Structures are given as structure tokens and as C-alpha cells.
Amino acid sequence: MRALITGVTGQDGAYLSKLLLDKGYDVDGLSPRHSTLNTWRLEEMGICDHPSFTLFVGDITCPASINFHVKVGGYDEIYNLGAMTFVAESFNSPIATMHINGLGSVNILEAIKNHSPKTRFYQASTSEMFGNTGGMLNEDSPMIPVSPYGIAKLYAHHMVKYYREHHGIHASAGILFNHESPYRGIEFVSRKICDGVAQIKAGKIDHIELGNLDACRDWGYAGDYVKAMWLMLRQDTPDDYVIATGETRSINYFLGRAFDNADIDMCGRIKTNDVFKRKSDVHILCGDAAKAGKKLGWVPTAGIDTLIKIMMDAEMERHEVGR
Ligand code: NAP
């Protein structure tokens, strides 16, 4: 089996590469051109040196680049994880966000339709598409996004359905709720908290600055979530699936558990700063992954407390502090 992963240098790209390589796939990864390549996750996981892994420079917003790879790659599967992923930044860069998260996905679908119609496609959709719909969210819940990130992802989500229904492409979308790991980007709140707590423990800083502490999210472990992506492309019929734990917790809860893990009193260690608040926020997200459980046989192995322990263990090691 041959697979192409866009956004391969990101958190999910690294976990998915590892999963597919372990299953015997040849994996090509696509990463956009920056002044320096952002390959630290792939290096730490030993993926860069794997004989069945090749990293290409390529941008999903460039049809010429995507057409080339889809045409010559002979891929059985393409996983589109490439995106502008930081929701807060999407308010400042709505046009770039739409180009990458919206049109970037369509560039790949169009290339598949024209050059490789048997290739199966996975789209990284998101719980941010629901906005403030509330309740236990499933595939049929109303989607009313409140950020340029969510709006661009919803456009791509609808286009996946369009290419599936009108062009017969085996295209599936995973509506993934928050999933984290020690390989999450440092600007994301889960990693920022765990890194900050470990730095406090190491005596490097004395507090952490955060935005809205009351936002509630359904947090899972990235290692579990990439398995769901792979399972979706194993199905005879393409479809959309919510992937979530079914449990929602506030950022305040996450903080409390992270400080408990480091055995530090949280009192006086958190400052809120409006700079870190979103222009419009999703207050609460909780997903119902019953369809994925029934059809894919997918279940999460880690709840939030296990996830926080995994992340805190990694950050304490990074900052060389014991408990
Ligand atoms: P991530 O760590 O931020 O990785 C995103 C990747 O996309 C990076 O490798 C980035 O490369 C790449 N990228 C950015 N612009 C690109 C472009 N124009 N062309 C090709 N690649 C580009 O994000 P993640 O957590 O792994 O998420 C993977 C996917 O799942 C994303 O589409 C995200 O929106 C979606 N998702 C994530 C979550 C979550 O909780 N993690 C939840 C729902 C959906 P550089 O780093 O080099 O810029």
C-alpha cells in the first residue's frame, strides 16, 4: 500500500506516518516550503530515517504541485492533514485560512478526480465546525462555525461530500474533536499548560498566562485518533464520522490535573490575558462517537486524565525534572 500524507510534519502527520509504516505502507509526506523544515516530530519518532518514508516539499494551495504528486505517486490512499490549524490565528488571517483549509482540500479532490480516481481520500474535518450548537454532537448536528478556521473547514467538509456523491470518489471526513499529545504544537493550550507546569517545577518560570479558562473541550489522545482515520479508509463505503471521547472538561480542569501531576500548588500560578482570548469562542464541545464505534469498531483508549499524565511525563522529561 502507498499513502500520501499532507501536513506530515504536524502532530497527526507524525502519528499517522508511524501507524502506516508499522503496517508496512510506503509513506510519502508533503510539507510546505519554509526557510527551515519543521521535522522535529518525525525525527523524534524515527520516521525520517525509515526506508519506506519519503518527505517531499509541496503546498496544498498549489494545484501544480498537488497534480504532480497525485498523478505520479500511484497512491492507494491520501490523508489530507495539512492546514492552518491555530484557530486564534484564523481571525487575523481569514484569507490564508480559506486558501489552505478550504481550497487546499479541493485541489487534492480535483487532482484525484482527474488523475487517480481510485485513490481513497481522508479529510481532517473538525468539531470547530459545530460552533456553539451545544449538546452531544454527532454527524447530523447543525454546523454553525464561529471562526474563519471552522468556516473554511466546513466548506472543505461539504466539498468532500460533493466529490463523494457526484464524482464517486472514496472520500471520507473525520470530524475530530480535540486530540493532544506530547507532539502538539507549543501554542495550543494543552501543551502550553503541560510545558508551563513543567517549567514552573524546574524553576524556570513562576506562572503561566492563558486566555479563557472556562472553555470546555472533549480531549482525546492523538495516537488513538489517527487509527480512526486509517479505519475510515478500510470501509467499502466512504462516510463521515465523529471521533471523540464523549467527555467534556474545562481548561481549568486540565490545569488542575496538570499541576496535580507535578505535585505543585496551582494557587497564584495562573494569570489571564485577553491577548490569548479568541474573538469569538466555542464555549463547550462534546462528541458522540457512537457511529465510529459501531461501524469502525473504534474506541478511545485514553481519557483526559491518562492524556494529561502522558503529556506531563513527556514535559517533565523535556525539562529534566522529577516529581
Ligand atoms: P498541526 O500539528 O498544526 O499540523 C498541521 C500541518 O499542516 C503542519 O505540518 C503544517 O506544516 C501543515 N501545513 C500548513 N499549511 C500547509 C500547506 N499550505 N500545505 C501543506 N501543508 C500545510 O495540526 P494537527 O494537530 O496535526 O492536525 C492535523 C489536521 O487535523 C489539521 O487539518 C487540523 O485542522 C485537523 N484537526 C486537528 C484537531 C486537533 O485537535 N489536533 C482536531 C480536529 C481537526 P508546517 O508546520 O510546516 O507549517
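The structure this text deals with has already been given above.
The structure displayed is predicted, hence computed values, not measured ones. (Residues numbered from 1 in each chain as written. Predicted model: local features only at pLDDT ≥ 70, side-chain atom pairs only at ≥ 80, totals over all residues. Heavy atoms only, no water.)

Trainee: For this particular structure, what's the right way to read the site of the ligand?
Mentor: Around the ligand, the structure places 25 residues, and the nearest of them are Thr9, Asp12, Thr85, Tyr149 and Lys153. The separation between an oxygen atom of the ligand and a polar side-chain atom of threonine 85 is 2.6 Å. Note that an oxygen atom of the ligand is positioned 2.6 Å from one of the side-chain N or O atoms of tyrosine 149. The protein chains hide 90% of the 890 Å² of surface that the ligand would expose on its own. (Near = heavy atom within 4 Å. Polar contact = N/O pair within 3.5 Å; in protein donor to acceptor, adjacent residues only side chain to side chain. Areas by Shrake-Rupley, 256 points an atom, 1.4 Å probe, with all protein chains shown as cover.)

Trainee: Help me understand the pattern of salt bridges in this model?
Mentor: Pairing between side chains of opposite charge can happen when the charged atoms of each approach one another. Throughout the structure, instances matching the rule amount to 17 salt bridges. The salt bridge involving glutamate 77 is made with arginine 234; its shortest N-O contact spans 2.4 Å. On the criterion of sequence distance, the pair formed by glutamate 77 in strand E4 (residues 77-80) and arginine 234 in the loop between helix H8 (222-232) and strand E11 (240-243) is long-range, its members being 157 residues apart. Looking at glutamate 77, the relative accessible area reads 1%, which means it is buried. Residue class for arginine 234 comes out partly exposed when judged on its relative accessible area of 29%. Arginine 184 is the salt-bridge partner of glutamate 180, the closest N and O atoms lying 2.7 Å from each other. Exposure remark for glutamate 180: the relative accessible area of 1% places this residue in the buried category. Residue classification places arginine 184 among the buried positions, given a relative accessible area of 13%. What you see here is one network of salt bridges that share partners, running through Glu128, Arg217 and Asp281. (Salt bridge = Lys/Arg side-chain N within 4 Å of Asp/Glu carboxyl O. Helix = DSSP H or I, 4+ residues; strand = E, 2+ residues; numbered from the N terminus. Buried < 20%, exposed > 50% of the residue type's maximum accessible area, 1.4 Å probe, protein only.)

Trainee: Explanation requested: helix H7 (residues 189-201) in the structure shown.
Mentor: Owing to its 3.6 residues per turn, the α-helix brings residues three or four apart onto one side. In this model, H7 (13 residues) spans 18 Å end to end at C-alpha, consistent with the 18 Å of a helix rising 1.5 Å per residue. Burial analysis of H7 places 11 of its 13 residues in the buried class, which makes it a mostly covered element. Listed as buried for H7 are Ser190, Arg191, Lys192, Ile193, Cys194, Asp195, Gly196, Val197, Ala198, Gln199 and Ile200. If you follow the buried residues of H7, they end up packed against helix H2 (40-44), strand E7 (179-180), strand E8 (208-210), helix H9 (251-262) and helix H11 (304-318). Glycine 203 lies just past H7 and shows a positive phi near 75°. (Expected span 1.5 Å × (residues − 1). Contact = heavy atoms within 4.5 Å.)

Trainee: In this structure, what is going on with the packing of aromatic side chains? I would like to understand it.
Mentor: Centre distance and the angle of the planes are the two values used to describe a pair of aromatic rings. Applying the stated criterion to the full structure yields nine aromatic pairs. An angle of 70° between the planes, with centres 5.8 Å apart, marks the rings of tyrosine 15 and tyrosine 183 as edge-to-face. Pair noted here: tyrosine 15 is in helix H1 (residues 11-22) and tyrosine 183 is in the loop between E7 and H7, with a separation of 168 residues, a long-range link. Take tyrosine 183: its relative accessible area is 13%, and that puts it in the buried class. (Phe/Tyr/Trp six-rings, centres within 6.5 Å; stacked < 30°, edge-to-face > 60°.)

Trainee: Help me understand the sheet that holds strand E3 (residues 53-57) in this model?
Mentor: Think of a sheet as strands paired side by side through backbone hydrogen bonds, with each pair either parallel or antiparallel. Sheet architecture is open: seven strands sit in the order E3-E2-E1-E4-E5-E6-E11, paired in parallel fashion. Of all the strands in the sheet, just E3 and E11 have a single pairing partner and so form its edges. Recorded for the sheet is a direction-independent mean angle of 20° between the axes of neighbouring strands. As paired elements, strand E1 (residues 2-6) and E4 share four bridges and run parallel to each other. Along E4, the bridge assignment pairs alanine 3 with glutamate 77. (Pairing = 2+ DSSP bridges. Axes fitted to C-alpha atoms, helices over the stretch in contact; angles between N-to-C directions.)

Trainee: Teacher, can you tell me more about H9 here?
Mentor: Helix length check: H9 (12 residues) gives 17 Å between terminal C-alpha atoms against 16 Å at 1.5 Å per residue, within 8%. Turning to H9, its buried residues number three or more, namely Ile251, Phe254, Leu255, Ala258, Phe259, Asn261 and Ala262. Looking straight down H9, one finds that the buried residues subtend no more than 155° of arc, so they occupy a single side. Turning to H9, the residues buried within the fold contact H7, E8, strand E12 (249-250), strand E13 (270-272) and H11. (Arc of directions from axis to C-beta.)

Everything listed is a geometric property; what it means functionally is a separate question.
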